[in-house]
Amino acid sequence: MTALQFSPSVPTVRPRARALRHFTPNWFATTMGTGILAVCLGQFPASPALHAAGEALWLANIGLFAVLTCLYAAKWVLHPGVALRAFDHPVVSMFFGCIPMGLATIVNGLLIFGPDLFGSAAVPAAAQLWWLDSALAVVAGLAVPLVMFTRQQHAIEHMSAVWLLPVVASEVAAASGALLLPHLAGGARLPVLFASFVLWSCSVPLALGILVILFLRMALHKLPPASMAATSFLALGPIGTGALGLVLFSVNGRQALAAGGLDALAPAISGAALLGAVLLWGYGLWWLGLAVAITVNQLRQGLPFNLGWWGYTFPIGVYAVVTLRLAGIFPLPALTLFGEVLAAVLAAIWIIVAIRTSCGAYNGSLFVDPSLEN
């Protein structure tokens with residue numbers, strides 16, 4: 001197994017007793033993909049069926065996140081030495097960023113579906129979880145690069161888009177904070193808005209810099225192996241999430257600024273955020289087209305299934321959500337149609353990946369911890 005691989009499919013069935021020992025943070029990518037589909041379906045309030053499906057999926061995702069959290073906690077309790085080895089692995093360690101990103105989808109769902117299900121208790125719960133999620137995102141965004149610089153071995157030819165995962169967690173939390181704003185009381189809005197601005201700035205510029213390196217890596221060393229094909233879509237994640245955060249800053253930030261006595265700045269900040277969102281969204285079109293072209297190219301070699309396939313879901317999902325949000329601002333039918341197509345593609349991919357993941361989890365073939373290779 002090379003340092004580039006996620007968790008490749010294994011031809012032999014591993015004993016279920018070893019599943020806990022080989023459990024990795026990669027599994028939290030399943031909560032990211034499931035959660036973003038639920039959030040995406042929640043963008044269609046005019047369709048009761050889609051909204052109900054999103055609600056059911058969100059509730060299921062809470063259970064999934066809880067199970068994965070218990071499993072990973074059990075690994076740290078029963079096999080602490082094994083769990084620590086993840087920090088030395090140049091790929092497995094990147095997936096620590098999936099934990100706060102998976103939690104962020106639950107926070108978002110709590111704001112979209114929670115008020116109807118839990119009433120007034122939904123917003124305080126979402127606010128508390130958001131602060132926890134933000135803290136986890138900051139820790140992942142600092143700790144993983146630190147071990148990259150001090151304990152791991154990296155080379156440009158082995159670099160891939162998984163470098164984005166610990167970094168992007170902060171901007172995902174920033175977008176969640178912007179979604180939280182209109183649900184808060186006046187005095188609580190400005191601190192959340194300011195914190196969201198900071199989280200966004202701790203993530204998006206760094207992610208864009210990593211994309212420059214990724215472009216150079218592919219120009220010099222060509223495409224990654226077929227087992228890493230899904231990483232081509234990961235580049236779309238920070239662009240879509242960054243644009244979504246800006247859209248929500250533009251729409252929801254005005255009231256927060258006004259509540260803090262900064263209403264004179266609200267029009268300028270809102271307009272700048274919306275312009276930035278459109279520019280980032282347009283940049284995402286290029287990466288989306290490139291990712292599709294790379295995937296078609298690698299289909300000729302065959303794409304072995306592994307947990308990395310969840311990398312198709314979250315980036316497409318967040319790009320679909322920001323497209324639908326922009327369509328709600330700009331009255332462009334083509335934009336609405338594009339967002340609906342992306343949502344349909346996301347649902348189709350999620351069904352395929354979820355079924356294959358369930359099979360792999362049942363027979364144990366997906367429980368592979370590359371940090372235990374040696």
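Note that the coordinates shown come from a computational prediction; the quantities given were computed from them, not determined experimentally. (Residues numbered from 1 in each chain as written. Predicted model: local features only at pLDDT ≥ 70, side-chain atom pairs only at ≥ 80, totals over all residues. Heavy atoms only, no water.)

A.B. asks: Can you walk me through the overall build of the protein in this structure?
C.D. replies: Helix and strand content of the protein: 14 helices and zero strands. C-alpha extents for the protein along the principal axes are approximately 60 × 45 × 45 Å. Within the protein, the fraction of its 374 residues that count as buried is 56%. For the protein, long-range pairs separated by at least 24 residues make up 84% of all intrachain contacts whose partners lie at least 6 apart in sequence. A total of about 15,200 Å² of accessible surface is found on the protein, and carbon and sulfur atoms cover 73% of it. Put simply, the protein has 14 plus and 10 minus side-chain charges, and the middle of one group is 11 Å from the middle of the other. (Helix = DSSP H or I, 4+ residues; strand = E, 2+ residues; numbered from the N terminus. Buried < 20%, exposed > 50% of the residue type's maximum accessible area, 1.4 Å probe, protein only. Contact = heavy atoms within 4.5 Å. Areas by Shrake-Rupley, 256 points an atom, 1.4 Å probe, with all protein chains shown as cover. Lys, Arg positive; Asp, Glu negative; His and termini not counted. Charge placed at Lys NZ, Arg CZ, Asp CG, Glu CD.)

A.B. asks: Please explain helix 8 (residues 186-201) as it appears in this structure.
C.D. replies: Residue pairs spaced three or four apart in an α-helix point in one direction, given the helix's 3.6 residues per turn. In this model helix 8 runs 24 Å from its N-terminal to its C-terminal C-alpha over 16 residues, within 8% of the 22 Å that 1.5 Å per residue would give. Inspection of helix 8 places Arg-189, Val-192, Leu-193, Ala-195, Ser-196, Leu-199 and Trp-200 among the buried residues, and these make up the whole buried set. (Expected span 1.5 Å × (residues − 1).)

A.B. asks: Explanation requested: the side chain of Ser-232 in the structure shown.
C.D. replies: Turning to its location among the elements, Ser-232 is positioned in helix 10 (residues 231-234). Classification of Ser-232 by relative accessible area gives buried; the value is 12%. A distance of 2.8 Å separates a polar atom in the side chain of Ser-232 from the backbone oxygen of Ala-229. Non-local contacts of Ser-232, meaning those with residues more than four positions away in its chain, are made with Ala-291, Ile-294 and Thr-295. (Polar contact = N/O pair within 3.5 Å; in protein donor to acceptor, adjacent residues only side chain to side chain.)

A.B. asks: It is not clear to me how a nonpolar patch on the surface should be interpreted in this structure. Could you clarify?
C.D. replies: A grouping of Val-251, Val-278, Ile-329, Phe-330 and Leu-332 is seen on the molecular surface, where their side chains present a nonpolar patch of about 370 Å² in accessible area. Its location among the elements puts Leu-332 in the loop between helix 13 (313-329) and helix 14 (333-363). When its relative accessible area of 46% is taken as the criterion, Leu-332 is described as partly exposed. (Patch = residues over 30% accessible without salt bridge, like charges linked within 9 Å, V, L, I, M, F, W, Y side chains within 5 Å. Salt bridge = Lys/Arg side-chain N within 4 Å of Asp/Glu carboxyl O.)

A.B. asks: Is there a simple way to think about empty space enclosed by the protein in this case?
C.D. replies: Vacant regions in the atomic arrangement are exposed by a probe of water-molecule size rolled over the atoms. If you walk through the whole model with that rule in mind, you get three cavities of 30 Å³ or more. There is about 210 Å³ of room inside the largest cavity. Taken together, 19 residues make up the lining of the largest cavity; nearest its centre are Met-32, Cys-98, Leu-165, Leu-234 and Gly-311. Within the residue set of the lining of the largest cavity, elements represented by two or more residues are helix 1 (29-41), helix 4 (98-112), helix 7 (164-180), helix 11 (236-259) and helix 13. Residue contributions to the lining of the largest cavity peak at three residues, all from helix 7. For the lining of the largest cavity, the per-class residue count stands at 15 nonpolar, four polar and no charged. One number sums up the size of the second largest cavity: a volume of about 150 Å³. Taken together, 17 residues line the second largest cavity, and the ones lying closest to its centre are Ile-36, Val-39, Asn-108, Ala-175 and Leu-244. Looking at the lining of the second largest cavity, the elements with two or more residues in it are helix 1, helix 4, helix 7, helix 11 and helix 13. Looking at side-chain class alone, the lining of the second largest cavity contains 11 nonpolar, five polar and one charged residues. (1 Å grid on protein atoms, 1.4 Å probe; cavity = no way out; pocket = protein on both sides within 12 Å on 5 of 7 lines; lining within 4 Å. Points joined across faces, edges and corners; volume = space filled by probe spheres on them. Nonpolar A, V, L, I, M, F, W, Y, C, P; charged D, E, K, R; others polar.)

So far we have only geometry, and geometry alone does not tell us how the molecule works.
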